[in-house]
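Chain and residue survey
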Amino acid sequence: MTHITGLTRGGTPWIPAFITELKEENCIGCGRCYKVCTRNCFELVEREIDDDDASMVMRLLDAMDCIGCQACAKVCPKNCHTHAPAALAS
């Protein structure tokens, strides 16, 4: 399978890895991924739990807008993000 591939300015091949999942159960709602994402892939929502705590959590808003830079995973203190290369459309 051939993946989407790009080149850096220096000519080095680069394979972007696009977000496939955000583990909300690990998320602490710090917002770091939201702040570094230039493509608006995340939203901050109320955590769905049964008690009276009003904690927040990040959720994928539009995974199809991800450009595969993985900046979100690099700043996440809880390793909530999963990424994978995408197949080249045929």
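These numbers come from a predicted model, not from an experiment.

**A word on unusual backbone geometry**
Even without being glycine, Asn40 reaches a positive phi, approximately 60°. Positionally, Asn40 belongs in the loop between helix H1 (32–36) and strand S4 (42–46). Assessed through its relative accessible area of 47%, Asn40 is described here as partly exposed. Despite not being glycine, Asn79 has its phi angle at roughly 55°, a positive value. Within the element layout of this structure, Asn79 appears in the loop between helix H2 (71–75) and strand S6 (81–84).

**With respect to the side chain of His83**
Its location among the elements puts His83 in strand S6. On the accessibility criterion, His83 (18% relative accessible area) is buried. Contact partners of His83, with chain neighbours within four places excluded, come to Ala17, Phe18, Ile19, Thr20, Gln70, Cys72 and Ala73.

Rules used throughout
- Residues numbered from 1 in each chain as written.
- Predicted model: local features only at pLDDT ≥ 70, side-chain atom pairs only at ≥ 80, totals over all residues.
- Heavy atoms only, no water.
- Helix = DSSP H or I, 4+ residues; strand = E, 2+ residues; numbered from the N terminus.
- Buried < 20%, exposed > 50% of the residue type's maximum accessible area, 1.4 Å probe, protein only.
- Contact = heavy atoms within 4.5 Å.

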